[in-house]
Amino acid sequence: MTELLSIKNLRVRFRTVGFVRALVDRIADPFIDAVLDVSLSVRAGETLGLVGESGSGKTTLARAVLGLVPVHSGSITVEGKELVGLKESEYRSVRKSLGMMFQDPVASLSPRKNVGGLLAEPFHIHRIRDVDIDKEARRLLSIVGLHDGFLAAYAHQLSGGQARRVGVARTLALKPKLIMADEPAAGLDVSVQGEILNLMNELQKQFGLSYLIVTHNLPVIRHVSDRLAIMYLGRLVEQGPTRSLFARPAHPYTQALVAAVPQPDPDKRRTELELQGEIPSLRRRPSGCEFHTRCLYAQDRCRVEAPLPTPLPDGREVRCHFPLI
Amino acid sequence: MAEPLLTIDDLSVEFATPRGPVKALRRVDLAVNPGRIVGIVGESGCGKSTLVSTVMGLLAGNAQVTSGSIVFEGRELQDLDEEEWRDIRGRRLAMVFQDPMTSLNPVMSIATQMIDIQHRDPAPRADKLKKAIAWLARVGISDPEQRIQDYPHRFSGGMRQRIAIAMALLMNPALLIADEPTTALDVTLEAQIIHLIRQLRTEFDGAILFVSHNLGLIAEICDEVVVMYAGEVVEHAEIRRLFHSPSHPYTQLLLTCDPARIESEERTLPTIGGTVPDLANLPKGCIFAARCPSAFDRCRVEAPGTYPVADGHSVRCFLHAP
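Residues numbered from 1 in each chain as written. Chains lettered and ligands numbered in written order. Predicted model: local features only at pLDDT ≥ 70, side-chain atom pairs only at ≥ 80, totals over all residues.

Engineer: Teacher, can you tell me more about the overall build of chain B here?
Structural biologist: What chain B contains, in helices and strands, is 11 helices and 12 strands. What you see for chain B is a C-alpha radius of gyration of 21 Å, in line with the 20 Å of a compact globule of 322 residues. Based on the C-alpha atoms only, the size of chain B along its principal axes is roughly 70 × 50 × 45 Å. With 322 residues in all, chain B has 46% of them scored as buried. (Helix = DSSP H or I, 4+ residues; strand = E, 2+ residues; numbered from the N terminus. Rg over C-alpha atoms; globule rule 2.2 N^0.38 Å. Buried ≥ 20, exposed ≤ 12 C-beta atoms within 10 Å, placed from the backbone.)

Here it is, written out as structure tokens:
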């Protein structure tokens, strides 16, 4: 399979205090690294799950691919074309092939436009005039399983599941190859989330789409992704095939995340707590391995020396001195 | 068995809307015994939040209790005036809300807020502060003596929820209502909060009403469960029975849909077809009939009663009618 999206050594930094204040308060480094040294790829027709807790940088990474946040260093290529350093006018044409599904299905749709208007928007933004927009809107609705009657509906008249379907239809308008979906099942009831994920799965088969799914929902991502990348403090700590990550996590953080998911079985109650404490601040990254402050297996070496991404025989890559397999 | 702490009997609540009355709760029965953790599980619109608001006396202005009683520690809650409510709320009946970012007052220090809660207690302020500090320590806030002077924005989401729990338990309430207490938190913090609630349970002798849409959390912490659908209690069972022999078709489907319960890697996830009925325009017969794979003619014309399946296990479904 060919690589559709390839990210190499990506670093995204945000300034936290202004230039003068940094000078006055003698803050040597007024930046935080939201994404640090991330390399990953998404192949054609594949689903990659990007998993991490709040503040791990997963949404920032997706936004960087779309050119919505400035990249400090590294490279992002889509079908071999370098995106870092592109001018805004050039990025516009790139975004046609990159779809984005935002997190909140209702809030991401304008309350002032009806569904027909919402579906026409991508064509107007990209100044595409050679299509019959009304016909396209009907076609898109039928793809996501909604009837034409919805064309006149406004966002507030839609249920969560319907709003999500409209979001999917909008994302598909310009026939993207890669869709980035931020928490596609969040806020939906368990009986409805399956409908959306099944729809995404069918569309993937039908149009050969690739997905980058940003989520913290491990039970869902286990069923819908081919590969997983686990983020902690802006770095990837482990990536590899979903099945092997769940069967035998190699990084202690992956193991802790998997163990933290409550099992819907009263006979499998947990008595031990896998992970203590909270994610450290990005302003004060721990020394050595950045997970050592919460790691059950940390040793002296972990406190001083940062581990590098190391390939494992089963095709995984893990950033740990003492992987669990 | 001891007298239940809270007994809800035949409770119905309606909301007045321009479209007519929305029947948000219908004939709800629920009993919470001392020391028990009772879970309420259901999807959006099932009425779990309305139920909790009714018990706390916090219903919106357009809501009206149309039938039933809520008896807590021997008193009918609907007969209380505002003064009597203030006596009970926070002291006998406490609540932890979903969003720890908004449940604390942002312009008061934690110390002030925790001392304010104890306003009915005649003890000197220094003692109240000491008690508050002790509770912060119990919920795992490090340096409680210093941190209690901080304002809520200085704490992370997980820490704020710990503080909210400490505040709820400060007056040693008989019943703690936890409404989706971990939904806004990451999974590792969620595990920590659940662990904390379980630890505290051994120290505080009250009961907990635990509201959640997450079956995993319900399984993890509850002794018994009530399943709600579209404003009705459809099943009530002891925790093991609910997960191992669910009897209502809705409960069975809900359990099937939970991706965490699917062992093999499945690309196609199960769903429940159809949608929740409009509560302003209720269908005739069983509320779940339109989506139920086992529905038969009787279900579409007549509403089922609640039938016992086993000791402490009842179902609102004709499949179990005697």
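Engineer: Help me out: how do you make sense of helix α6 (residues 160–172) of chain A in this one?
Structural biologist: Along an α-helix, residues three or four positions apart point the same way, because every turn accommodates 3.6 residues. The end-to-end C-alpha distance of α6 of chain A is 19 Å, a good match for the 18 Å that 13 residues give at a rise of 1.5 Å each. By the burial criterion, the buried members of α6 of chain A are Gln 162, Ala 163, Arg 164, Arg 165, Val 166, Gly 167, Val 168, Ala 169, Arg 170, Thr 171 and Leu 172 of chain A. (Expected span 1.5 Å × (residues − 1).)

Engineer: Help me out: how do you make sense of the interface of chain A and chain B in this one?
Structural biologist: Accessible area lost upon the coming together of the parts is a frequently used measure of interface size. With 32 residues of chain A at the interface, the matching set in chain B holds 36 residues. At the level of secondary structure, the elements contributing two or more residues to the side of chain A that touches chain B comprise α7 (190–207), α8 (218–224) and α10 (252–260) of chain A. With eight residues, the single largest contributor to the side of chain A that touches chain B is α7 of chain A. (Contact = placed C-beta atoms within 7 Å.)

Engineer: Quick question: what am I supposed to make of the sheet that holds strand β12 (residues 313–315) of chain B here?
Structural biologist: All names here are of chain B. Overall, mixed pairing links the eight strands, which are arranged β6-β7-β8-β3-β9-β10-β12-β11 in an open sheet. With one partner strand each, in any of the chains shown, β6 (93–96) and β11 (307–310) form the two edges of the open sheet. On average, adjacent strands in this sheet sit at an angle of 20 degrees to one another, irrespective of strand direction. Across two bridges, strand β10 (residues 232–238) lies against β12 in antiparallel orientation. Bridge assignment links His 236 to a residue of β12, and that residue is Ser 314. Most of the contacts of helix α1 (residues 48–56) go to strand β7 (residues 175–179), to which it runs at about 150 degrees, and overall it touches β3 (37–41), β6, β7, β8 (207–212) and β9 (224–229). (Pairing = 2+ DSSP bridges. Axes fitted to C-alpha atoms, helices over the stretch in contact; angles between N-to-C directions.)

Engineer: How do you make sense of the nonpolar core when you look at a structure like this?
Structural biologist: Note that soluble globular proteins tend to have their nonpolar side chains buried in a common cluster. Counting 180 residues, the largest nonpolar core has Met 180 and Leu 212 of chain A together with Leu 175 of chain B as its most contacted members. Setting aside its immediate chain neighbours within four residues, Leu 212 of chain A contacts Val 42, Leu 48, Leu 50, Ala 62, Leu 178 and Met 180 of chain A. (Core = buried A, V, L, I, M, F, W, Y, C linked by C-beta atoms within 7 Å.)

Engineer: Can you walk me through the environment of Glu 53 of chain A in this structure?
Structural biologist: Residue and element names in this part refer to chain A. With respect to the element layout, Glu 53 can be found in the loop between β3 (47–51) and α2 (58–65). Judged by local crowding, Glu 53 falls into the buried class, with 21 C-beta atoms found within 10 Å. C-alpha of Glu 53 to C-alpha of Met 231: the two residues are 178 residues apart in sequence and 7.9 Å apart in space.

Engineer: I would appreciate a short explanation of the pairing of strand β9 (residues 227–232) of chain A in the present structure.
Structural biologist: The side chains of a regular strand alternate between both faces of the sheet. Residues and elements named next belong to chain A. Counting buried positions along β9 gives six out of six residues, so the element sits mostly inside the fold. Burial along β9 is two-sided: Arg 227, Ala 229 and Met 231 facing one way and Leu 228, Ile 230 and Tyr 232 facing the other are all buried. The hairpin formed by β9 and strand β10 (residues 235–241) contains two residues between the paired strands, and Leu 233 there has a positive phi angle of roughly 50 degrees.

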